[in-house]
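# Descriptive analysis of the structure
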Amino acid sequence: MNSRALVSEAIGTFFLAFGVSLSVAHQLPFTPIIAALTVGLFVYTVGGMSGANLNPAVTFGLWSVKKMKTPDALAYIVVQLIAGVVAMLATWGLTGITPVLDMDLSWVVLVAEALGGFLLVFGVSTIVYGKAKDEVAGVIIGGSLLLGILTASQVGSGGVVNPAVA
């Protein structure tokens, strides 16, 4: 594991969580678009260095299909979670607002979040397994995230589909 990959992953995850946190803090209606555009951008900008997982669930999925070694996956997850906490603290420090999602906790929400996560990982898998050209990776992954968030958010979920952002 090289440090460039971890730094790239930290920067991408920070800006994803920071953008979403600011949007939630100010109750903006286009948070899913912010998340999707951020992921798409970082797929193109740091994807070559880190893979631009930006999500512990994606990292876990890649590890589970043996696309990542265990030490690398653990390092990514730690860095992603730390970046998410730093983003939340930065949002609080800049705005004085702690972003909180108002969501129901139920089996329906759990299933909706799982379906949203599936849609994201489906898009990621398309790229990882070479079923689409790398030139469209950011569009496919960002679009998959947008669809996943919009799907999950229809039933009282915040449509997070990312533990680092949550």
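Our structure's up above, just so we're on the same page.
Residues numbered from 1 in each chain as written. Predicted model: local features only at pLDDT ≥ 70, side-chain atom pairs only at ≥ 80, totals over all residues. Heavy atoms only, no water.

Before going further, it helps to examine the overall build of the protein. Each helix and strand counted, the protein has six helices and zero strands in total. Ordered by position from N to C terminus, the α and β elements of the protein give α-α-α-α-α-α. In summary, the protein has a C-alpha radius of gyration of 15 Å against a globular reference of 15 Å for 166 residues, a match within 12%. Along the three orthogonal principal directions, the C-alpha set of the protein runs to about 35 × 30 × 25 Å. The 166 residues of the protein split such that 43% are buried. Surface summary for the protein: the accessible area is close to 8900 Å², and the carbon and sulfur share equals 71%. Averaged over its 6 positive side-chain charges, the protein has a centre that lies 17 Å from the centre of its 7 negative ones. (Helix = DSSP H or I, 4+ residues; strand = E, 2+ residues; numbered from the N terminus. Rg over C-alpha atoms; globule rule 2.2 N^0.38 Å. Buried < 20%, exposed > 50% of the residue type's maximum accessible area, 1.4 Å probe, protein only. Areas by Shrake-Rupley, 256 points an atom, 1.4 Å probe, with all protein chains shown as cover. Lys, Arg positive; Asp, Glu negative; His and termini not counted. Charge placed at Lys NZ, Arg CZ, Asp CG, Glu CD.)

On to helix 5 (residues 107-128). Given 3.6 residues to a turn, an α-helix orients residues that are three or four positions apart in the same direction. Its 22 residues give helix 5 an end-to-end C-alpha distance of 30 Å, which sits within 8% of 32 Å, the value for a rise of 1.5 Å per residue. Within the span of helix 5, buried status applies to V109, A112, E113, G116, G117, L120, G123, V124 and I127. Seen along its axis, helix 5 keeps its buried residues to an arc of 130°; they face one direction. Opposite the buried face of helix 5, at more than 90 degrees from it, the exposed residues are W107, F118 and F122. Buried residues along helix 5 sit against helix 3 (56-64) and helix 6 (137-152). (Expected span 1.5 Å × (residues − 1). Arc of directions from axis to C-beta. Contact = heavy atoms within 4.5 Å.)

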